[in-house]
Amino acid sequence: MTLPRPFRRMARHRLAIAVVVTVLLLASVASIAGAYIYERRSADLILPGVRIGDIEVGDFTRSEAIAAVSTAAGVLLDQTLTIHVDGEVWVKSLSQLGVRARVNRAVDQAFALSGSLSWLSRAYHRLTENPVERAIDLTYRYRRRPVRSLTNEVAAEVTRPARDAAVKLADGEVVFQRARKGQSLDVAAGLDAITTALRSWSQSVTLRLEPVLPEVTEKTLGKTVTIDLSTNTLRLLDRSEE
């Protein structure tokens, strides 16, 4: 049975619409599939627009990001800290003092940003090169051992023991030795001062010395009796009144 002409025209029109819709659906599916495949193939790249510190690492692989951030951190860690103690000076780079950049941790955080977005959102940013505009802080760790080693070295250089007042015999002569104050560096305080300077990115720090008092002074020495056997004479030495 042949359909009337108006019905045939309507059927052809519906068929054309169905074909167009099918084509559009297939194109959409193909586009989505292509975007998904592209995103999966780009999974080893950091999303565009991500920075670690001042370094742009978008579209970098892990090794490229580590190399770029390590180079930038190395420039900072070549800066020096000048340590002043009692007129003496020690100059050390931040890396020599045990400062290390947590590069791998920062790069891990950069890649973790991908996991916080849907694959469709990631594909959009990659395909359109629309930056995500995320900044990750590059943090540092501060090892205590190099600072402690330097502080001990400085303490050994600047520490001077106190000298007690005393009466001594030198080359057959009675010699009076005066008391003298000493000085010492508090290693724990010096360690804290240097670490604080490193954490604040200071260029210099001054360590203070502690006075060391003699146990015996001229006033506490008391009286001393000397015997001269050649003349059989006694002498009374009293420095407490000087």
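Model, not experiment: these values are computed from the prediction. Each chain has its residues counted from 1, following the order in which its sequence is written. Note on the predicted model: pLDDT of at least 70 is required for a residue's local features to be given, and 80 or more for side-chain atom pairs to be given and counted; whole-chain, interface and lining totals, by contrast, use all residues. Computation of side-chain values: all heavy atoms of the structure, hydrogens and water removed.

Enquirer: Can you lay out the pattern of salt bridges for me, pointing to particular residues and giving the numbers?
Expert: When a carboxyl oxygen of Asp or Glu is within 4 Å of a side-chain nitrogen of Lys or Arg, the pair counts as a salt bridge. Using the criterion set out here, one finds 3 salt bridges in the structure. When the shortest N-O distance is used, the salt bridge between Arg51 and Glu133 registers 3.9 Å. Remark: Glu133 occurs in the loop between α4 (119-128) and β6 (134-136) and Arg51 occurs in strand β1 (residues 50-52); sequence separation between them is 82 residues. To sort residues, take the accessible area from a 1.4 Å probe on protein chains only and compare it with the maximum for the residue type: under 20% means buried, over 50% means exposed, and anything in between is partly exposed. Since its relative accessible area comes to 53%, Glu133 is described here as exposed. Per the convention used, a helix needs a DSSP run of H or I reaching at least four residues, while a strand needs a run of E reaching at least two, with both numbered from the N terminus.

Enquirer: Please give an account of unusual backbone geometry that cites residues and values.
Expert: Its identity is not glycine, yet Asp59 carries a phi of approximately 65°, on the positive side. Relative to the elements of secondary structure, Asp59 occurs in the loop between β2 (55-56) and α2 (62-77). Its identity is not glycine, yet Glu133 carries a phi of approximately 55°, on the positive side.

Enquirer: Tell me about the side chain of Thr151, residues and numbers included.
Expert: On the secondary structure map, Thr151 appears in helix α5 (residues 144-158). Residue classification places Thr151 among the buried residues on the basis of a relative accessible area of 0%. Think of a polar contact as two N or O atoms within 3.5 Å of one another; within protein, one of them needs to be a possible hydrogen donor and the other a possible acceptor, and neighboring residues in sequence only count if both atoms come from side chains. A distance of 2.7 Å separates a polar side-chain atom of Thr151 from the backbone oxygen of Val147. Any two residues whose heavy atoms approach within 4.5 Å at even a single point are treated as in contact. Each residue touching Thr151, except ones within four places of it in the same chain, is listed here: Leu185, Val187, Gly190, Leu191 and Ile194.

Enquirer: Mind laying out the sheet that holds strand β3 (residues 80-85), listing which residues take part and the relevant values?
Expert: One bridge is not enough; two strands pair if DSSP finds at least two bridges between them. With mixed pairing, the 3 strands of this open sheet are ordered in space as β4-β3-β11. Two strands lie at the open edges of the sheet, namely β4 (88-93) and β11 (204-206), each paired on one side alone. If you compare each strand with its neighbour and ignore which way they point, the axes differ by 20° on average. Here, axes are lines fitted to C-alpha atoms. For helices the fit covers the stretch in contact, and angles between N-to-C directions go from 0 to 180 degrees. Along the sheet face, α5 touches β3 and β4 and points at about 165° away from the line of β4.

By themselves these figures say nothing about function.
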